[in-house]
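# Results of the structural survey
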Amino acid sequence: MLVRTRFAPSPTGYLHVGGLRTALYAYCFAKQNKGKFVLRIEDTDRERFVADGTQNILKSLYWAGLIPDEGVMFDKNENIIQKGDGGGSYIQSERLDIYKEHADELVKNGHAYHCFCTPERLDELRQFQQLNKLPPGYNGRCRDIDPAEAQKRASQGEKHVIRMKMPKEGETVFNDEIRGEVRFKNELVDDQVIMKSDGFPTYHLAVVVDDHLMKITHIIRGEEWLSSVPKHLQLYKYFGWESPKMAHLPLLLNADRSKLSKRQGDVAVEDYVKKGYLKEAIINFIAFLGWNPGGERELFTLGEIVKEFSLGKVGKSGAVFNLQKLDWFNKEYIKRLPPEELTERAKPFFDTAGIDLTKYPTALALERERVTTLAELPEAIKFVFELPDYEPGLLVWKKSSAEELKNILPALKEFLDTFSVRDWQKEKLESRVGEWIKENGYSVGAVLWPMRVALSGQENSPGPFEIAEVLGQDETLRRIEKAMKNVV
RNA sequence: GGCCCCAUCGUCUAGUGGUUAGGACACCUCGCUUUCAAUGAGGUAACACGGGUUCGAUUCCCGUUGGGGCUACCA
């Protein structure tokens, strides 16, 4: 049987990092089994609907490299298209007639009923239950209305929803791929609304109908859905369908161990993109939140994760979304990026900073091991493009003096002037200046510190020789000359 | 409140009926060094608690505690 997993987000604005991890696991599981990764859009809540929500989600998914095989996807120009034969559209709002048909079937068979209770009455009921510490849930007021009578009232236009009938007895037992056996008493499961009064299905009906029609074999989703499984299983039973296997993933947590939320930090994938995190780092980091292959290796590409992934190795407890670890991953991956690749990925950040990288194309190499995100790069190497103002006192090394400096700087400049353009590279600079320092009896710091400050204008920076190489001989000499003027 | 899930260093985690309980991030110390970063060497730090089962439990069972999720005509 062909494995089919799906990721089914709601277009409410952006892709949540927790959603990205769910998508990643579903993607890995599908790919590993040579199956299909399906993307479905669950837009049955018209109040939370955001117009370009689907576009945003797809953008983030494609950015991360999780490309759907089936369902909703991008064409070459980032237009939203659909592919696959899952019984029509993969966007739920375009499948309303399908859900209606299935809801009607349940009503006809006595597995669901019209409910005419108003939201106000249900509110009161809820409050009453809370106050008296009773189990929550619909009290079944409309459950036993004569079906013919209910049908009549409904067709006369009386506002209503459709609820599924949960059995009053027995247990629903199922085997979660991650958690093992889980059981619920049916009497405690609510008669869930499956069709709203606006003619849209609720999640519970839509997800069951769609997963079946789209031939999903494995449902991989967040733990927040665990408690609605008995409802879904009951619907499968009513329809006479076989249920897919299910895996409920542990949640992603804030530092205080509550469910990861916007209030305590960034949760949108696009936020991390904007901050200059690499997809490799995000994917690797997020994959390891709740899963790891067992060894001591930590750096894995998407392809390697696909190879190693298994639901059995997914943990059961929630994982804190720890930015420090993410930063470490990002640093590692920035270091590993080939220079051309780094340049290309960093370009947008330089564009917004108004820095023309082509003026000093090798400048990035200076800071690639010092920054944690791409977004820090422009600020970090700004000094190459424009020497910042600095206090003349900064030029004096802690163990040296202004007097000594006045001798060293001109001598150094003179010496550097003797280099041919050919020899102007950091290795040669380093070895020859080193010899020169020895010959003249200077201490190393007394020369290199001011040289570095003269070239960078900063207290902290990369080493003087690498900067000199990037700047070129002319600009290097110019900056040393400027330093000479400063100390006088 | 009810139902469900979960529990190894601060965090992410490996692991086993008998281990000096391993790694990574973070933190600290030292080394290298012209600064920072990087890097090398070390260090601090965990089996939530109480009962069982067992010759022996961090590991298996039960309970307690703690945390989380759900409890909508939201997903």
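Read on for an overview of the structure.

### Some points on the overall build of chain A
Looking only at helices and strands, one finds 19 helices and 13 strands in chain A. Taking 488 residues into account, the globule formula puts the C-alpha radius of gyration at 23 Å, and chain A, at 32 Å, lies well above it. Summarising its shape, the C-alpha atoms of chain A cover approximately 105 × 50 × 40 Å along the three principal directions. Out of the 488 residues belonging to chain A, those deemed buried represent 50%.

### Considering the protein's contact with RNA strand B
Around RNA strand B, the surrounding shell holds 65 residues, and the nearest of these are R179, G290, N292, R370 and N460. Across the atoms of RNA strand B situated within 4 Å of the protein, the share located in sugar and phosphate is 75%. Note that a sugar or linking oxygen of RNA strand B is positioned 3.0 Å from one of the side-chain N or O atoms of E223. Elements with a minimum of two residues in the surface near RNA strand B: α4 (119-131), β6 (161-164), β8 (180-185), β13 (319-320), α11 (323-336) and α17 (444-456). Here the residues of the surface near RNA strand B sort into 25 nonpolar, 17 polar and 23 charged.

### Focus: the side chain of R368
Mapping R368 onto the fold places it in the loop between α13 (364-367) and α14 (377-385). Of the side chains with opposite charge, E369 comes closest to the buried, unpaired R368, at an N-O distance of 6.5 Å. Among the polar contacts made by the side chain of R368, one reaches the main-chain carbonyl oxygen of K335 at a distance of 2.6 Å.

### A look at the sheet that holds strand β9 (residues 193-195)
A sheet is described by the order of its strands in space; here 3 strands give the open sequence β5-β6-β9, paired in antiparallel fashion. Looking at the sheet topology across the chains shown, the edges are occupied by β5 (112-115) and β9. On average, adjacent strands in this sheet sit at an angle of 45° to one another, irrespective of strand direction. Here 4 bridges tie β5 to β6, and the two strands are oriented antiparallel to one another. In the strand pairing of β6, A112 is matched with M164.

### Side note on the nonpolar core
Ranked by internal contacts, the top residues of the largest apolar core, which has 144 residues, are L20, L24, L61, L66, F321, V384 and L416. Element by element, the count of residues in this core is highest for helix α1 (residues 17-32), at 10 residues. Filtering out sequence-adjacent residues up to four positions away, L416 remains in contact with W424, L429, V433, M451, Q473, T476, L477 and I480. Counting 8 residues, the second largest nonpolar core, distinct from the first, contains Y113, C115, C117 and C142.

### A closer look at helix α2 (residues 53-64)
Across its 12 residues, α2 extends 17 Å between first and last C-alpha, which sits within 8% of the 16 Å expected from 1.5 Å per residue. Considered for burial, the residues of α2 that qualify are G53, T54, N56, I57, L58, S60, L61 and A64. Taken from the residues just after α2, G65 is the one with a positive phi, measuring 95°.

### Description of the state of the cysteines
Taken as a whole and judged by the stated rule, the model has 0 disulfides. Free of any disulfide, C115 has its nearest cysteine sulfur in C117, 3.8 Å distant. A relative accessible area of 1% places C115 in the buried class. Cysteine C117 remains unbridged, with the sulfur of C142 as its closest cysteine sulfur at 3.6 Å.

### Brief notes about the packing of helix α15 (residues 402-417) against α17
At a closest axis distance of 10 Å, the pairing of α15 and α17 adopts a crossing angle of 75°. Judged by the angle between their axes, α15 and α17 are roughly perpendicular. Counting all contacts with α15, which are made through E404, L405, I408, L409, L412 and L416, the residues of α17 involved are A446, V447, P450 and M451. A class-by-class count of the residues in the contact of α15 with α17 yields 9 nonpolar, no polar and 1 charged.

### Focus on the packing of helix α6 (residues 203-213) against helix α7 (residues 229-239)
Two elements in contact, α6 and α7, have axes separated by 10 Å at closest approach and are oriented at 55°. Put simply, α6 runs oblique to α7. Crossing of α6 against α7: the hand is right-handed. When α6 is examined against α7, the residues Y203, H204, L205, V207, V208, V209, D211 and H212 are found in contact with a partner set consisting of K231, H232, L235, Y236 and F239. Considering only residue class, the contact of α6 with α7 consists of 8 nonpolar, 3 polar and 2 charged.

### Regarding the pattern of salt bridges
According to the stated counting rule, one finds 32 salt bridges in the structure shown. Between D211 and R6 there is a salt bridge, with the nearest N and O atoms lying 2.8 Å from each other. Of the two residues, D211 is situated in helix α6 and R6 in strand β1 (residues 4-7); the sequence distance between them amounts to 205 residues. On the basis of relative accessibility, which here comes to 1%, the residue D211 falls in the buried class. What makes R6 buried here is its relative accessible area of 3%. Taking the shortest distance from any N to any O, the salt bridge between D423 and R432 comes out at 2.7 Å. What makes D423 buried here is its relative accessible area of 15%. Three or more residues are tied together by salt bridges with common partners; here these are R6, R40, E42, R95, D210 and D211.

### Overview of the packing of aromatic side chains
If you walk through the whole model with that rule in mind, you get 19 aromatic pairs. One aromatic cluster is present, formed by Y272, Y277, F285, F321, W328 and F329 through successive ring pairs. In this arrangement the basic side chain of K275 is found over the ring face of Y272, its NZ or CZ atom lying 5.8 Å from the centre. One residue, R432, lies across the ring of F419, its end atom 5.1 Å from the ring centre.

Basis of the calculations
Residues numbered from 1 in each chain as written. Chains lettered and ligands numbered in written order. Predicted model: local features only at pLDDT ≥ 70, side-chain atom pairs only at ≥ 80, totals over all residues. Heavy atoms only, no water. Helix = DSSP H or I, 4+ residues; strand = E, 2+ residues; numbered from the N terminus. Rg over C-alpha atoms; globule rule 2.2 N^0.38 Å. Buried < 20%, exposed > 50% of the residue type's maximum accessible area, 1.4 Å probe, protein only. Near = heavy atom within 4 Å. Polar contact = N/O pair within 3.5 Å; in protein donor to acceptor, adjacent residues only side chain to side chain. Nonpolar A, V, L, I, M, F, W, Y, C, P; charged D, E, K, R; others polar. Lys, Arg positive; Asp, Glu negative; His and termini not counted. Salt bridge = Lys/Arg side-chain N within 4 Å of Asp/Glu carboxyl O. Pairing = 2+ DSSP bridges. Axes fitted to C-alpha atoms, helices over the stretch in contact; angles between N-to-C directions. Core = buried A, V, L, I, M, F, W, Y, C linked by side-chain atoms within 4.5 Å. Contact = heavy atoms within 4.5 Å. Expected span 1.5 Å × (residues − 1). Disulfide = S-S within 2.5 Å. Parallel < 35°, antiparallel > 145°, perpendicular 65-115°, else oblique. Left-handed = near helix turned anticlockwise from the far one by under 90°. Phe/Tyr/Trp six-rings, centres within 6.5 Å; stacked < 30°, edge-to-face > 60°. Lys NZ or Arg CZ within 6 Å of the ring centre and 35° of its normal.

These values are about where atoms sit, not about what they do.
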